[in-house]
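Structure assessment
Each chain, letter by letter, is given below.
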Amino acid sequence: MSVVGPVPRPTTFADANASYGDAEFVLLGVPFDRTTSFRPGARFGPDAIRQHSWNFESHDLETGVDLSEVPIHDLGNTEEFGNAEEMVRSVREELRPIYRDGKVPIVLGGDHACAPPSVEAYPDGAPSLGVLYLDAHLDFRSSYLGDPRSHACSSRRMLEKVGPRNIVVLGVRSVSREEIDDNKTVGMSYVSAHEIAKDGIQAALHQALNMLKTERLYISLDIDAIDPAYAAGTGTPEPFGLTPRDVKFVIDQAAPRLAGIDIMEVSPHYDQGATSLLAARLAREAVVRIVASRRSR
Ligand code: MN
Ligand code: MN
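The notes below deal with the structure included here. (Residues numbered from 1 in each chain as written. Chains lettered and ligands numbered in written order. Predicted model: local features only at pLDDT ≥ 70, side-chain atom pairs only at ≥ 80, totals over all residues. Heavy atoms only, no water.)

**A few points about the coordination of the manganese ion (ligand 2)**
- Within the protein, the atoms that donate to the manganese ion (ligand 2) are Asp135 (OD), His137 (ND1), Asp222 (OD), Asp224 (OD) and Asp224 (OD), at distances of 2.1 to 2.4 Å.
- For the manganese ion (ligand 2), the donor residues sit on a single chain with the sequence spacing D-x1-H-x84-D-x1-D.
- Separation of the manganese ion (ligand 2) from the manganese ion (ligand 1) amounts to 3.3 Å, with aspartate 135 serving as a shared donor to the pair. A residue pair is termed long-range when its members are at least 10 positions apart, and histidine 137 in the loop between strand E4 (129-134) and helix H4 (154-162) and aspartate 224 in the loop between strand E7 (216-222) and helix H8 (244-254) qualify at 87 residues. Across the pair, aspartate 224 and histidine 137 agree in class, each one buried. (Donors = N, O, S within 2.8 Å, 3.2 Å for Na, K, Ca; no water. Helix = DSSP H or I, 4+ residues; strand = E, 2+ residues; numbered from the N terminus. Buried < 20%, exposed > 50% of the residue type's maximum accessible area, 1.4 Å probe, protein only.)

In structure tokens:
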């Protein structure tokens, strides 16, 4: 166990004791934040999340799953890159064998530009894939500051892989007029944070899952989906967000169909560790819930 605050040297994710060959879950860190638009630092996210993962007990109270008995492998971080295009290529190459070997990837960013290659690596011909995209922002620009691989374009890049009917954005509360106009022709579905506050996360997720008829689901979690009261350690914080419990609910409900998850935009130097801690806990939540759903089959 460690306390929140000054943290030790980079380490592996807690309970990630398995070899790659034995693992059912594979972690990958992508310490890349060159497309950040407001304040940088998400490159430090993966290691901060790992460090804070040591805070938690291996045993999960709700499911009874013990993470020390779950085969998890931590691949470490990708190398640092010059530009987003190189990063994308490299993440895709890392992810392809993970899906091919029937394992569940857990990708820790990095800015949100690091997420689309995890979806793009999903094998063609595998069971159909839908994306639950949790974000304060729509990330729907076709290009931003001349870069189609900017973190402001990530939902759009994923949509190009899975199709406009197979992605739903949850928690949106900051969009440009151009994104809204653009989306009139594309028709990507989203449920705003305001609707979720009014009607509840259950109603929102029900609506989202009614649209995503795919066999498998992928969760892309931009940590700024969560209110800055809980997750201030991020590059573009936006008030009126989801609660940690809202996001936990989404993960829990999606778990039986979950093919992979990423947690992006944790920028650990903007708070005292709460955001890294929350991200680590949500990654662990995904693992225990997937294991629990497999056991109940
Ligand atoms: Mn984002
Ligand atoms: Mn965002």
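**Concerning the state of the cysteines**
- Within this structure, the stated rule accounts for 0 disulfides.
- For the unlinked cysteine cysteine 114, the closest cysteine sulfur is that of cysteine 153, found at 13 Å.
- Owing to a relative accessible area of 0%, cysteine 153 belongs among the buried residues under this scheme. (Disulfide = S-S within 2.5 Å.)

**Notes on helix H2 (residues 84-100)**
- Look at H2: 24 Å from first C-alpha to last across 17 residues, which is about the 24 Å you get at 1.5 Å a residue.
- Taken residue by residue, H2 has Ala84, Met87, Val88, Val91, Arg92, Leu95, Ile98 and Tyr99 as its buried positions. Seen along its axis, H2 keeps its buried residues to an arc of 130 degrees; they face one direction.
- Where H2 is buried, its residues touch strand E1 (25-30), strand E2 (72-77), strand E3 (104-109), helix H3 (116-120), E7 and strand E8 (258-264). (Expected span 1.5 Å × (residues − 1). Arc of directions from axis to C-beta. Contact = heavy atoms within 4.5 Å.)

**Structural notes on the coordination of the manganese ion (ligand 1)**
- For the manganese ion (ligand 1), the protein coordination sphere consists of His112 (ND1), Asp135 (OD), Asp139 (OD) and Asp222 (OD), at 2.1 to 2.2 Å.
- Between consecutive donors of the manganese ion (ligand 1), the numbers of intervening residues give the motif H-x22-D-x3-D-x82-D.

**Things to note about the packing of helix H1 (residues 45-53) against helix H9 (residues 274-295)**
- Here H1 crosses H9 at 75 degrees, and the two axes come no closer than 8 Å. One element, H1, and the other, H9, form an angle in the roughly perpendicular class. In this structure, H1 uses Ala48, Ile49, His52 and Ser53 to contact H9, whose residues at the interface are Ser276, Leu277, Ala279, Ala280 and Arg284.
- Looking at the contact of H1 with H9, its residues break down into 5 nonpolar, 3 polar and 1 charged. (Axes fitted to C-alpha atoms, helices over the stretch in contact; angles between N-to-C directions. Parallel < 35°, antiparallel > 145°, perpendicular 65-115°, else oblique. Nonpolar A, V, L, I, M, F, W, Y, C, P; charged D, E, K, R; others polar.)

**Points about the environment of proline 117**
- Checked against the element boundaries, proline 117 lands in helix H3.
- Residue proline 117 is classed as buried on the basis of its relative accessible area of 0%.
- Put simply, proline 117 and serine 154 are 37 residues apart on the chain and 9.5 Å apart in space, counted from C-alpha to C-alpha.
- Beyond its immediate sequence surroundings of up to four residues, proline 117 is in contact with Met87, Val88, Val91, Arg92 and Arg149.

**Quick look at the packing of aromatic side chains**
- Under the defined criterion, the tally for this structure stands at 1 aromatic pair.
- Between the aromatic rings of tyrosine 99 and tyrosine 122, the centroid separation amounts to 5.2 Å while the plane-to-plane angle is 80 degrees, which identifies the pairing as edge-to-face. Of this pair, tyrosine 99 sits in helix H2 while tyrosine 122 sits in the loop between H3 and E4, and the two are 23 residues apart along the sequence. For the residue pair tyrosine 99 and tyrosine 122, the accessibility class agrees, reading buried in each case.
- Positioned above the aromatic ring of tyrosine 270 is the side chain of arginine 39, whose terminal nitrogen or guanidinium carbon lies 3.9 Å from the ring centre.
- It is lysine 103 that lies over the ring of tyrosine 20; its NZ or CZ is 4.9 Å from the centre. (Phe/Tyr/Trp six-rings, centres within 6.5 Å; stacked < 30°, edge-to-face > 60°. Lys NZ or Arg CZ within 6 Å of the ring centre and 35° of its normal.)

**Here we look at the pattern of salt bridges**
- Summed over the entire model, instances satisfying the criterion amount to 23 salt bridges.
- Ionic pairing is found between aspartate 182 and arginine 156, a salt bridge with its closest N-O pair at 2.7 Å. On the criterion of sequence distance, the pair formed by aspartate 182 in helix H5 (residues 177-186) and arginine 156 in helix H4 is long-range, its members being 26 residues apart.
- In this structure arginine 156 comes out as buried when scored by relative accessible area, which is 14%.
- Its salt-bridge partner being arginine 289, residue glutamate 285 comes within 3.1 Å of it at the nearest N-O pair. Remark: arginine 289 and glutamate 285 occur in helix H9; sequence separation between them is 4 residues, near one turn of the helix. (Salt bridge = Lys/Arg side-chain N within 4 Å of Asp/Glu carboxyl O.)

**Some thoughts on the side chain of aspartate 66**
- Mapped onto the elements of the fold, aspartate 66 is located in the loop between H1 and E2.
- No salt bridge is formed by the buried aspartate 66, whose closest oppositely charged neighbour, arginine 284, lies at an N-O distance of 7.3 Å. (Lys, Arg positive; Asp, Glu negative; His and termini not counted.)

**Thoughts on the pairing of E8**
- Among the 7 residues in E8, 7 count as buried, and that is most of the element.
- With 3 bridges connecting them, E3 and E8 associate as parallel partners. Residue pairing in the sheet places leucine 108 in a bridge with isoleucine 263 of E8.
- Taken together, the 6 bridges between E7 and E8 define a ladder with parallel strand orientation. Paired with aspartate 222 across the two strands is methionine 264, which belongs to E8.
- After leaving E7, the chain enters H8 and then returns to the sheet as E8, a path that is right-handed. (Pairing = 2+ DSSP bridges. Right-handed = clockwise from strand over helix to strand, strands pointing away.)

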